[in-house]
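Remarks on the overall topology
Residue-level listing of the chains:
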Amino acid sequence: MKCLYEEETDMRYTLENENLKVEIDSFGAEIKSVKRKSDNFEYMWCGDKKYWGRTSPVLFPFVGAPKNKEYRYDGKTYTMGQHGFARDSEFICTDITDTSLTFVMKSSEETLNVYPFAFALKITYTLKKHDLEVCWEVVNNDSETMYFTIGGHPAFRVPVREGESQSDYRLAFEGLDTLTYLLIDTSVGTVLADEPHTLSLENGTCSIAPHMFDKDALVFDNGQIQKAGILFPDGTPYLTLTSEGFPNFGIWSVPGAPFVCLEPWMGRCDDCGFEKPLSEKANINVLKPDEEFIKSYQITVH
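A brief structural summary. Note that the structure is a prediction, hence the values are computed from the model and not measured.

A count of helical and extended segments in the protein gives one helix and 27 strands. In summary, the protein has a C-alpha radius of gyration of 19 Å against a globular reference of 19 Å for 302 residues, a match within 12%. With the principal axes as the frame, the protein shows a C-alpha extent of 55 × 50 × 35 Å. Within the protein, residue pairs in contact and separated by at least 24 positions form 62% of the contacts whose partners lie at least 6 positions apart. Just so you have it, the protein exposes about 13600 Å², and 45% of that area is on carbon and sulfur atoms. Taken as two groups, the 29 positive and 47 negative side-chain charges of the protein have centres that lie 2 Å from each other.

In C-alpha cells form, the structure reads like this:
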C-alpha cells in the first residue's frame, strides 16, 4: 500500500495482492482502478468526462435525488443534490493494512446546512484473492435519530475487446427467470413506481440491449437482486457483484458509453409524488443516537 500521487488535497492509494492491484482516491473514497496483475487488464471504467466523469462514487446520505432536490425533516425543507455529498467530499485515510484501506469523512458545518445530522462515514476496502469487499459504516453522532440512504455506483468496462459491442455482453442473475424494474422520471428525479416493467431472462441472463438505458437507470426493488454478473460474449464470467440483504439495486449506463454500472443500494430515490417527511420515506435507514450501521458488498473479478 502506498500513495501514488497527491493533487491538491486528494491522494490515491494502492492495495494489492498476488492477483489484483486496486487504486482508491481519497476524494470521494472512490475506486479508480481494479487491475488483474497477470496481464494488467483493467476492469473499471476510466472516468472519461465525454460520457461520465466518475468511476465508483459512494452515494450518501441520499441515493438518487428527492423530488425537485428538496426534502422535509422536522418541519423544515432542505436542498439535496443528486446522490448526496459524499462523492464530492475529501476523505481521510485512517487505517492501512496489508489487505485493507479505510477512509473516513465526518459531518461539518457545510454538511449540516443541507443535512442536519452529525455523523461519521467510514468506508473500508478489503482485498481477498479475486474479491474486493466494500464495507460502509455509518455512525450517528447526533442527539436525534438519523435518516439516510446509501449506495454503491461502480462502473465497469463493457465492451473490453476490439471488435466487440456492448450488446454482445450479457447480464447474469443466477437462478432467476424474470425481474421487475422501474424507471425514473428524469424531469423531477423520482421513480415511476406505478409503472412496472418486466425484464425477461433466458437461463438467468439477458443481453445488454442497445436501448436498455435510453430512459436512465433500471431500478429493482424488493431485494430481487442479491447477485448480478456480467458475461463475456462467449458466456464466460467477466465479473460478479454480490450484495446480500440489499433491498434495492440499479443498473445504468449512458447510451453509447463503453461501461455498465451495477449499483447495490440501501434505499433509493423517492417515488413520484412523495412529499412526506424524510422519516416516512420507503427503505430509509434509521439510526438512533450513538448507533452504528454496517453493510458491505463484494466485487469478484474473473
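Next comes the rest of the description.
This next bit is on the pattern of salt bridges. Taken as a whole and judged by the stated rule, the model has 13 salt bridges. Residue Lys37 pairs with Glu16 through a salt bridge whose shortest N-O separation is 3.0 Å. Of the two residues, Lys37 sits in the loop between strand 4 (30-36) and strand 5 (41-42) while Glu16 sits in strand 2 (residues 10-16), which places them 21 residues apart along the sequence. You can call Lys37 partly exposed: its relative accessible area is 37%.

Turning our attention to unusual backbone geometry. The residue after Phe60, namely Pro61, is reached through a cis peptide bond having omega 0°. Omega for the bond connecting Val158 with Pro159 falls within 30 degrees of zero, at 5°, which places this linkage in the cis form. Among the secondary structure elements, Pro159 is positioned in the loop between strand 14 (155-157) and strand 15 (170-172). In this model, Asn283 sits at a positive phi of 60°, which is unusual for a non-glycine residue. For Asn283, the location among the structural elements is in the loop between strand 25 (259-266) and strand 26 (285-287). The class of Asn283 is partly exposed, set by a relative accessible area of 36%.

The strand order across the open sheet formed by nine strands is 8-9-10-11-27-23-22-15-20, and the pairing between neighbours is antiparallel. On the outer flanks of this sheet lie strand 8 (92-96) and strand 20 (205-207), each paired with one strand and no other. Adjacent strand axes in the sheet meet at a mean angle of 20°, parallel and antiparallel pairs treated alike. Across nine bridges, strand 11 (residues 131-140) lies against strand 27 (residues 292-301) in antiparallel orientation.

Let's shift gears to the layout of surface pockets. Computed from the structure, the largest pocket encloses a volume of approximately 370 Å³. Forming the boundary of the largest pocket are 23 residues, of which Gly64, Gln82, His83, Ile184 and Asp216 lie nearest the centre.

Below, the discussion takes up empty space enclosed by the protein. Counted under the stated rule, the structure contains two cavities of 30 Å³ or more. By volume, the largest cavity is sized at about 40 Å³. Lining the largest cavity are Phe62, Pro66, Glu70, Tyr71, Arg72, Asp270, Phe274, Lys276, Leu278 and Lys281. Residue classes in the lining of the largest cavity are distributed as five nonpolar, no polar and five charged. Residue lining of the second largest cavity: Ile31, Ser56, Pro57, Val58, Tyr125, Val134, Trp136, Gly151, Gly152 and Tyr297, and that is the complete set. Looking at the lining of the second largest cavity residue by residue, the class counts come to seven nonpolar, three polar and no charged.

Rules used in this analysis
Residues numbered from 1 in each chain as written. Predicted model: local features only at pLDDT ≥ 70, side-chain atom pairs only at ≥ 80, totals over all residues. Heavy atoms only, no water. Helix = DSSP H or I, 4+ residues; strand = E, 2+ residues; numbered from the N terminus. Rg over C-alpha atoms; globule rule 2.2 N^0.38 Å. Contact = heavy atoms within 4.5 Å. Areas by Shrake-Rupley, 256 points an atom, 1.4 Å probe, with all protein chains shown as cover. Lys, Arg positive; Asp, Glu negative; His and termini not counted. Charge placed at Lys NZ, Arg CZ, Asp CG, Glu CD. Salt bridge = Lys/Arg side-chain N within 4 Å of Asp/Glu carboxyl O. Buried < 20%, exposed > 50% of the residue type's maximum accessible area, 1.4 Å probe, protein only. Pairing = 2+ DSSP bridges. Axes fitted to C-alpha atoms, helices over the stretch in contact; angles between N-to-C directions. 1 Å grid on protein atoms, 1.4 Å probe; cavity = no way out; pocket = protein on both sides within 12 Å on 5 of 7 lines; lining within 4 Å. Points joined across faces, edges and corners; volume = space filled by probe spheres on them. Nonpolar A, V, L, I, M, F, W, Y, C, P; charged D, E, K, R; others polar.

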